[in-house]
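One letter stands for each residue in the lines below.
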Amino acid sequence: MRFRVLGAIVGVATLSVALFAIPLAISMERLYHDDTTASLDRNATWIAAVVHDDVVRNGVTSIPLPRGVPSRLTVGFFAASGAKLSGAGPDMSRIAADARDGHVHEGVERGFLVAAAPFPSDKKLAGSVRVAVPYEIVRDHMYRAWLAMAGLAVVVIGLAAVFALRQSARLAAPLEHLTRSAQALGAGDFSIRAPRSDVREADAAGLALEATARRLGDVLDRERAFSVDVSHQLRTQLTGLLLGLESALGRPDADLAGVIRTAVERGERLQTTIEDLVRLTRGGHTGGPEPFDVRALVEEICVDRRAALAETGRGLTVSVPDELPGVAASPAAVRQILHVLLDNAAIHGRGEVTVEVSDLGDGVAVVVSDQGPGVPEGADVFARGAGDGHGIGLALARSLAEAEGGRLILRRASPPVFSLLLQAR
């Protein structure tokens, strides 16, 4: 990531400098050439205007130059044919000969940049003035300009490289932190915290990763607790089944047929519990696609429980209205919650057990109560560490209710009254 950003920024900067500098270098070369040529044109025209053409006509071999002519210039006077009459320069000059048409001519001749201007005259053209400067001077100016441009280009690319290093570090560091956080999450660390940076997208990804880690941690904690609660629920029912069989084996006068029927009923109930819990685990504890009839489910469960309570001399009263709204919950979850509440009333409660279902308009309430001593003051009946044995089963029931979008509350501690609140669909 760092090298990609660095290479991209430096590459773009280098390309931009090259695209800008190459045309500029060509333009600078043309500029220096044209500027020097224009200066030579002015000097040649000025000398031709000052020196009288009669001097040339008379064949004077030493012609004085006017004051102010730059010392670096090479000045020569040439006849119309291009032959040198006086001054410096080659014996024959093509550019000086071209000036016989009455116009100023420029060009490069024998390593010199040359300008030739004709003498102004109304008579026949007498000759021209040839002014030259070594072309090395033009190249020297041009090379120095190119060197300055190259130095500036190096500075610009260097600054781009420094900027690229900072930007690559700024962009790559949050991603590297996210990578380490994701690896830690994969290793089971759900407490990761991605550091904040000034890259908004990376911060957003870090926050999303933190939220995901928290959700995964919560889900894993709930699944672990659910597994513990399920194990307790299954062991409780299996223990009851085994105790009933062992008790019958220890009594010679035991009604074996009745004991077997009871064991079969408990086995079927255990099988139903296992199937419900497996279905809830696979389905993620979510409500079914269609609302179900709470009335039928409550009556089905209470028919089975009424006989079991009657064996201990206790009764079960069920109150269900004729019409109830459909419930947005899983039947398996509601069945297990009611089994936990009725088990709690049968094991820890006394007297008559009452199940009352009521329509709340936007939901359904299932109230389970008995005449037992209830919950000690200040005790958390839904805590898994409750010493009286309530905690694990009721904790499972509450987690199932919350997973289905409902609530399980203890409305009254003594005598105990539990309310299961379910949302209508």
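Residues numbered from 1 in each chain as written. Predicted model: local features only at pLDDT ≥ 70, side-chain atom pairs only at ≥ 80, totals over all residues. Heavy atoms only, no water.

Before going further, it helps to spend a moment on the layout of surface pockets. A water-sized probe rolled over the atoms picks out the places where empty space is left. By volume, the largest pocket amounts to about 680 Å³. Lining the largest pocket are 22 residues, with Arg266, Arg269, Arg305, Ala308 and Asp343 sitting closest to its centre. (1 Å grid on protein atoms, 1.4 Å probe; cavity = no way out; pocket = protein on both sides within 12 Å on 5 of 7 lines; lining within 4 Å. Points joined across faces, edges and corners; volume = space filled by probe spheres on them.)

Topologically, Leu152 is positioned in helix H4 (residues 135-186). By relative accessible area, Leu152 is classed as exposed at 55%. For the pair Leu152 and Ala21, spaced 131 residues apart in sequence, the C-alpha to C-alpha distance is 9.8 Å. (Helix = DSSP H or I, 4+ residues; strand = E, 2+ residues; numbered from the N terminus. Buried < 20%, exposed > 50% of the residue type's maximum accessible area, 1.4 Å probe, protein only.)

A separate point is the pairing of strand E6 (residues 316-319). Pairing of E6 with strand E7 (residues 353-359), which is carried by four bridges, proceeds in the parallel orientation. Bridging across to E7, Ser319 finds its partner in Glu356. Crossover E6 to E7 through helix H8 (residues 331-348) is left-handed. (Pairing = 2+ DSSP bridges. Right-handed = clockwise from strand over helix to strand, strands pointing away.)

This next bit is on the pattern of salt bridges. Considering all chains together, one arrives at eight salt bridges under this definition. As a salt-bridge pair, Asp322 and Arg295 come within 3.8 Å of each other at their nearest N and O atoms. Residue Asp322 is located in the loop between E6 and H8, and its partner Arg295 is located in helix H7 (residues 294-311); the two are separated by 27 residues in the primary sequence. Residue Arg305 pairs with Asp343 through a salt bridge whose shortest N-O separation is 2.6 Å. Placement of the pair is Arg305 in helix H7 and Asp343 in helix H8, with a sequence separation of 38 residues. (Salt bridge = Lys/Arg side-chain N within 4 Å of Asp/Glu carboxyl O.)

Glancing now at the sheet that holds strand E8 (residues 363-369). In spatial order, the strands read E6-E7-E8-E10-E9; together these five strands make up an open sheet with mixed pairing. The open sheet is flanked by E6 and strand E9 (407-412), the only strands paired with a single partner. Averaged over all adjacent pairs, the angle separating strand axes in this sheet is 15°, with direction ignored. Pairing of E9 with strand E10 (residues 417-423), which is carried by five bridges, proceeds in the antiparallel orientation. Looking at E10, one finds that Leu408 is bridged to Leu420. Strands E6, E7 and E8 of the sheet are contacted by H7, whose axis makes an angle of about 170° with E6. (Axes fitted to C-alpha atoms, helices over the stretch in contact; angles between N-to-C directions. Contact = heavy atoms within 4.5 Å.)

A rise of 1.5 Å per residue sets the reference length of H4, with its 52 residues, at 76 Å; its end C-alpha atoms lie 73 Å apart and thus fit the reference within 8%. Approximately 25° is the largest bend angle found in H4, and it occurs at Ala172, with the proline Pro174 only one to four residues beyond. (Expected span 1.5 Å × (residues − 1). Bend = angle between axes of the 7 residues up to and from the residue.)

Taking strand neighbours across the sheet as the criterion, the five strands line up as E2-E1-E5-E4-E3 in an open arrangement whose pairing is antiparallel. Of all strands in the sheet, those with a lone pairing partner are strand E2 (84-87) and strand E3 (105-109), marking the two edges. Taking each pair of neighbouring strands and ignoring which way they run, the sheet shows an average axis angle of 25°. The pairing of strand E4 (residues 112-118) with strand E5 (residues 127-134) spans seven bridges and is antiparallel. Bridge pairing in E5 links Pro118 to Ser128. Together, E3, E4 and E5 form the strand contacts of H4, whose direction differs from that of E5 by roughly 40°.

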